[in-house]
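Fold and geometry: a report
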Amino acid sequence: MPPCPDRGRTILTRVIPTVGTDRGSEILSRLRADRRRDRCVTHVERVPARLGSAVDWPDWVDPLLLGRLRAAGVTAPWSHQAAAATTAHAGRSVVLATGTASGKSLGYLLPVLSALLADPGARALYLAPTKALAHDQLRAIRALTLTAVRAASYDGDTPAAEREWVRAHANFVLTNPDMLHRGILPGHRRFGPFLRGLRFVVVDECHGYRGVFGAHVAQVLRRLRRVCARYGADPVFVLASATVADPGVAAGRLTGVDVDVVDEDGSPRGATDFVLYEPPLFLTAPRDQPATAAAGISRQRAPRGAEGPGDGRGLGAVEGPGAVEEPSSAAGPGGSQGSGAGENGAPVRRSATAEAADLMADLVVDGVRTLVFVRSRRAAEVVANSARRALGLVAPELGEHVAAYRAGYLAEERRELEARLRSGDLLGVAATSALELGVDISGLDATVIAGYPGTLASLWQQAGRAGRAGQGALAVLVARDDPLDTYLVHHPEAVFGRPVEATVFDPDNPYVLGPQLECAAAELPVTEADLALFGPSARAVLDDLVRRGRLRRRPNGWYWTQRSRPDVDIRGVGGTPVRIVEADTGRLLGTVDAATSHSTVHAGAVYLHQGVSFVVDELDLDESVAFVVRAAPDWTTTARDHTDIRIVESSRSRPVDDELTVFFGTVEVTSQVVGYQRRLITTGEVLGDVPLDLPPRHLRTRGVWYAVSDRLLEQAAIEPADVPGAVHAAEHAAIGLLPLFATCDRWDIGGVSTALHPDTGQTTIFVYDGQPGGAGFAERGYGRFEPWLTATRDAVVACECPAGCPSCVQSPKCGNGNDPLDKAAAVRLLNSVLERIRST
């Protein structure tokens, strides 16, 4: 079992768990006193407390720093902190891969701060995936009051005048990969003195750099190494990671340098009660009567009505990648949330977001400081709003102490929320992963995770945010109505008995490497000596850039040819973010990614911001702005799109026999949002479909697919009329289970199934990466095809529904209403495919 992450994030505390203090079990026993909740608990894993292993301070630690740490109560380092710090001090790059809040910060601050105190010319750079985390580390560093350490943040929120001071005077700069890419490296001449003295580069939360974003960050770090070499610097990399498989391999791929590994966690932890929780199943509600929770929520709150589905994507047998929008109601003030009619009369479970909102309200009333993690911005608003509404019925004074925290808020809104979090003014917070890697929050008692976050590393990271003074904590994973979530809550060994995943990203992705080489050439001409730094594909990609006129080849290297700098978005979403503006006042509410704007802020879409609902009046794609008006509709919206897929190239294939072949290669996906559906919040009743006229979007990416013959279908007893429903159901289930084998979730990938595909001439099921050029997820599925399909088949067979439901073969992203779906035929198809694979 992977170690449970520890509590809090601050580097300046030492807490030994106290025997007999059992805060988590105490909270759990109160929750299970409600019989409805108790029936939802499928498993409780008791993660025991662990004492820490302290060691002596390394003799090279600066005496002033040592005195400051002892004055702050840090009497000795834990064993892993000392080991990582000593490795970095000796000049070797190192990755420290231990649990949440195991004190990784001290592991890199000891060598960094000691070097800055000993050498006035030394410099250090800290990279965090979020601004909040960088600002949090800045506060911790400044709390040590080391006057010789001139630490400062340098990000998009830094005023222009302060940026000038940072460039001229700071010796410890805290930033993020985006600012390194867009600000520091392009302006490296202004950072010349800083880069010349750069001794250490700290890469915090490096396990979060996966997929296309991870590939971009890997190339940004190679650009940094190249520019540093120009100024005569060769910095040591110190990486901090959650517990992941093969941390040394991932860290080496990210930085391009050899990396030592420290992964023996010597920190203490309190006991944790980790609960797997499945919301109750409801039968379809009559059209004239909303479905309600059978037992209501505790303390006799008003029952919730049904909620509509989430972001549907696709017309026909298609499931596309996109923004994470769970099937949660976009309820505005006075709206409601709960269970409702399933697609085609299928039973459905109460949504994870609705159940998490009620759990948070109950816990807050009981004085339990609670953090709820959700999968999307909208869900964060819905959970906070629903919890406030529930508290208004039993403890109105507590409603103002519950809030949402998500990406997309303006800087001043984020800072205010972070201050309230640190002060303890907020008792309940619904957050996206912005808080998973965000600010230091101490004193939390419970975390509720509304839906599996996609990887075990993220699951343990989120669960580990709770815990107070070693007294233990409660963590609850609330299953979504989704094949993977259902599988996990009924197979606890897949959560607690399995090592965490390896981080998946491909730095050689040509759709990443090409733009990154353009950026590198704009900074300094790319030379023959640089090719090894950028990987084996660099020369071919450079030649292609020359052919397209993006670079010019000269005897001494490759040169950038344009006057303006390359515009590259390393988050992999592409395009200018779409601003969301209140039409009546001109107030900027937030932003959404260009890639998801068609489905989330199209004309007529419902948008939530801090508990207030708006309706999009106009989406102006030319100006990248969506105008919204405040409204409280009694309906929610679901985007619909049409998707086609074409095979560009099959780079690998595995002919199992004459009836079955598995492929991996390049595909081109064309998708177009063609309309949206409106549903009543209270019942889920469809009010109608509204057409939209939006341009198509094209995606060339990597996919895995398998083609089956008519004979195999006959042997599986699948009639021709049943083939579309069988392959559609198998496709949905396979997408839901791929995250067991790759560091992704179903929102990172898409799929298409067809009874007859023109490029194969056979019945074919596709699963593809949702990013240009691929992200490594489909390739991982190809490499582990048999165990992937085995888990897919097992999940569908184990589901108790008779004909298919969201827990097995229905998808929250399907744009054709999950129709047709044939669960029984899908099982026969998967059995036949697996039998042929195992017989060869």
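About the thresholds
- Counting starts from 1 at the beginning of each chain's written sequence and moves along it residue by residue.
- Per-residue local features of the predicted model are confined to residues with pLDDT of at least 70, and side-chain atom pairs are confined, for both listing and counting, to 80 or more; whole-chain, interface and lining totals are unaffected and use all residues.
- Excluding hydrogens and water, the side-chain figures rest on all heavy atoms present in the structure.
- Helix and strand definitions follow DSSP, with helices as H or I runs of at least four residues and strands as E runs of at least two, each counted in order from the N terminus.
- In this description, contact between two residues means that some pair of their heavy atoms is separated by no more than 4.5 Å.
- Only the protein chains shown count as cover for residues, and all accessible areas are computed by the Shrake-Rupley method using a 1.4 Å probe.
- Ring pairs are drawn from Phe, Tyr and Trp, using the six-membered ring of Trp, whenever the two centres fall within 6.5 Å, and their geometry is named by plane angle: stacked under 30 degrees, edge-to-face over 60, tilted for the rest.
- Each residue's exposure class comes from its accessible area (1.4 Å probe, protein chains only) as a fraction of the maximum for that residue type: buried when under 20%, exposed when over 50%, partly exposed otherwise.
- Comment: the charge-over-ring label is applied if NZ (Lys) or CZ (Arg) is within 6 Å of the ring centre and within 35 degrees of the ring normal.
- A carboxyl oxygen of Asp or Glu within 4 Å of a side-chain nitrogen of Lys or Arg is what we treat as a salt bridge.
- Cysteine sulfurs are considered disulfide-paired once they come within 2.5 Å of each other.
- Note on geometry: axes are lines fitted to C-alpha atoms, helical ones only across the stretch in contact, with angles between N-to-C directions running from 0 to 180 degrees.
- The scheme is simple: roughly parallel for angles under 35 degrees, roughly antiparallel for over 145, roughly perpendicular for 65 to 115, oblique for anything else.
- In this scheme the handedness of a crossing depends on how the near helix is turned from the far one: anticlockwise by less than a right angle means left-handed, clockwise means right-handed.
- Classification used: nonpolar for Ala, Val, Leu, Ile, Met, Phe, Trp, Tyr, Cys and Pro, charged for Asp, Glu, Lys and Arg, polar for all others including Gly.
- Whether two strands pair comes down to DSSP finding at least two bridges between them.
- Expected helix span is computed as 1.5 Å times (number of residues minus one).
- Identification of polar contacts relies on pairs of N or O atoms within 3.5 Å, with a donor-acceptor requirement for protein atoms, meaning one able to donate a hydrogen and the other able to accept it, and with residues adjacent in sequence counted only if both atoms are side-chain atoms.
- Note on bend: the value at a residue is the angle between axes fitted to the seven residues ending there and to the seven starting there.
- Among the buried residues, those of types Ala, Val, Leu, Ile, Met, Phe, Trp, Tyr and Cys that are joined through side-chain atoms within 4.5 Å form a nonpolar core.

1. So, the overall build of the protein
Along the protein, the regular secondary structure elements total 27 helices and 30 strands. Put simply, of all contacts in the protein between residues at least 6 apart along the chain, 76% involve residues at least 24 apart. Accessible area for the protein stands at about 29,200 Å²; split by element, carbon and sulfur atoms hold 50% of it.

2. Some points on the packing of aromatic side chains
Under the criterion given, the structure shown has 12 aromatic pairs. Relative to Phe213, the ring of Tyr209 has its centre 5.4 Å away and its plane inclined at 65°; by these criteria the two rings are edge-to-face. When sorted by exposure, Tyr209 lands in the same class as Phe213, which is buried. On the numbers, 5.2 Å between centres and 80° between planes, the contact of Phe274 with Phe496 is edge-to-face. Here Phe274 is found in strand β9 (residues 272-277), whereas its partner Phe496 is found in helix α18 (residues 493-496), with 222 residues between them in sequence. Pairwise contacts between aromatic rings join Tyr154, Phe191 and Phe194 into one cluster. The ring of Tyr154 carries the charged tip of Arg163 above its face, separated from the ring centre by 5.7 Å.

3. So, the pattern of salt bridges
Following the criterion strictly, the structure yields 36 salt bridges and no others. With a closest N to O distance of 3.1 Å, Arg30 and Glu26 form a salt bridge. Placement of the pair is Arg30 and Glu26 together in helix α1 (residues 23-32), with a separation of four residues, close to one helical turn. Two residues, Glu659 and Arg711, come together in a salt bridge whose shortest N-O distance is 3.5 Å.

4. Quick notes on the state of the cysteines
Under the definition given, this model contains zero disulfides. No disulfide involves Cys805; its sulfur sits 3.5 Å from the nearest other cysteine sulfur, which is in Cys799.

5. Details of the packing of helix α10 (residues 211-230) against helix α19 (residues 510-523)
The N-to-C vectors of α10 and α19 enclose an angle of 25°; their axes lie 10 Å apart at closest approach. Judged on the interaxial angle alone, α19 and α10 are roughly parallel. Crossing of α10 against α19: the hand is right-handed. Along the contact surface, α10 presents Val212, Ala215, His216, Gln219, Val220, Arg223, Arg226 and Val227, while α19 presents Val512, Leu513, Gln516, Cys519, Ala520, Ala521 and Glu523. Looking at the contact of α10 with α19, its residues break down into nine nonpolar, three polar and three charged.

6. Some details on the sheet that holds strand β24 (residues 625-630)
Reading across from one edge, β21-β20-β24-β23-β22 is the order of the five strands in this open sheet, with mixed pairing throughout. With partners counted over all chains shown, the strands left at the sheet margins are β21 (588-592) and β22 (606-609), one partner each. Between one strand axis and the next, the sheet turns by 35° as a mean value, whatever way the strands run. The sheet contact formed by strand β23 (residues 612-620) and β24 spans six bridges and is antiparallel. The residue bridging Leu619 from the neighbouring strand is Ala626, located in β24.

7. What about the environment of Arg68?
Mapped onto the elements, Arg68 comes out in helix α3 (residues 63-71). According to the relative accessible area criterion, Arg68 is partly exposed, its value standing at 30%. Apart from the residues within four sequence positions on either side, Arg68 is in contact with Leu144, Thr145 and Leu146.

8. Examining α10
Because an α-helix packs 3.6 residues into every turn, residues spaced three or four apart end up facing the same way. With 20 residues, α10 extends 29 Å between its outermost C-alpha atoms, agreeing within 8% with the 28 Å of an ideal straight helix rising 1.5 Å per residue. Of all the 20 residues making up α10, 17 are buried; the element is thus mostly covered by neighbouring parts of the structure. Gly232 sits one or two positions beyond α10 and adopts a positive phi of about 80°.

9. Regarding the environment of Val201
Its place among the elements puts Val201 in strand β6 (residues 198-203). Taking C-alpha positions, Val201 is 9.1 Å from Arg123, a pair spaced 78 residues apart along the chain. The contacts of Val201, once residues within four sequence positions are left out, are Leu125, Leu127, Leu224, Pro235, Val236, Phe237 and Val238.

10. With respect to the pairing of strand β29 (residues 749-754)
With six of six residues buried, β29 is to be regarded as a mostly interior element. Residues Ile749, Gly751 and Ser753 line one face of β29 and the alternating positions Gly750, Val752 and Thr754 line the opposite face, and both faces are buried. Pairing of β29 with strand β30 (residues 763-769) involves six bridges; the strand directions are antiparallel. Residue Ile749 lies in a different strand from β30, and its bridge partner there is Asp769.

11. Considerations on the side chain of Glu523
With respect to the helices and strands, the residue Glu523 is situated in helix α19. Engagement of the side chain of Glu523 in a polar contact is seen with the side chain of Arg223, the distance being 2.4 Å. If near-sequence neighbours (up to four positions away) are discounted, Glu523 is found in contact with Leu185, Pro186, His188, Arg189, Arg223, Arg226, Val227 and Arg565.

12. Description of helix α5 (residues 104-118)
Taking 1.5 Å of rise per residue, 15 residues should cover 21 Å, and α5 covers 22 Å from first to last C-alpha, within 8% of that figure. Maximal helix bending in α5 amounts to about 30°, located at Leu110; proline Pro111 follows within four positions. Of all the 15 residues making up α5, 14 are buried; the element is thus mostly covered by neighbouring parts of the structure.

13. Thoughts on the pairing of β23
Direction of pairing for β22 relative to β23: antiparallel, over a ladder of four bridges. Bridge pairing in β23 links Tyr607 to Phe614. The loop that links β23 with its antiparallel partner β24 comprises four residues; one of these, Ser624, has a positive phi angle of about 55°.

14. Here we look at the nonpolar core
Ranked by internal contacts, the top residues of the largest apolar core, which has 78 residues, are Phe274, Tyr706, Trp788, Leu829 and Val833. Among the elements that line this core, the one with the most residues is helix α24 (residues 723-737), at nine residues. Ignoring anything within four residues of it in the chain, the contact list for Leu829 reads Leu712, Leu713, Ala716, Ile718, Ala726, Val727, Ala730 and Ile765. Membership of the second largest hydrophobic core comes to 50 residues, among which are Met360, Val368, Ala395 and Leu398.

15. Quick look at the sheet that holds β6
Spatially, β4-β5-β3-β6-β7-β2-β8 is the arrangement adopted by the seven strands of the open sheet, whose pairing is parallel. For this open sheet the edge positions go to β4 (151-153) and β8 (260-262), each flanked by a neighbour on one side alone. Each adjacent strand pair in this sheet contributes to an overall mean axis angle of 15°, direction not counted. Pairing geometry for strand β3 (residues 123-127) and β6, over five bridges, is parallel. By the bridge assignment, Leu127 is partnered in β6 with Val203.

16. Some remarks on unusual backbone geometry
With a phi angle near 50°, Glu205 is a residue other than glycine that sits in the positive phi range. Relative to the helices and strands, Glu205 resides in the loop between β6 and α10. Judged by relative accessible area, which is 3%, Glu205 ranks as buried. A positive phi is found at Ala717, a non-glycine position, where the angle reads about 60°. Along the chain, Ala717 falls in the loop between α23 (710-715) and α24.

17. Details of the packing of helix α17 (residues 483-490) against α24
Axis separation between α17 and α24 bottoms out at 7 Å; the angle between their running directions is 60°. It follows that α17 is oblique to α24 by the angle criterion. Between α17, through Pro483, Leu484 and Tyr487, and α24, the contact on the second element is made entirely by Ala733, Gly736 and Leu737. Taken together, the residues of the contact of α17 with α24 sort by class into five nonpolar, one polar and no charged.

Shape descriptors only; they carry no functional weight alone.
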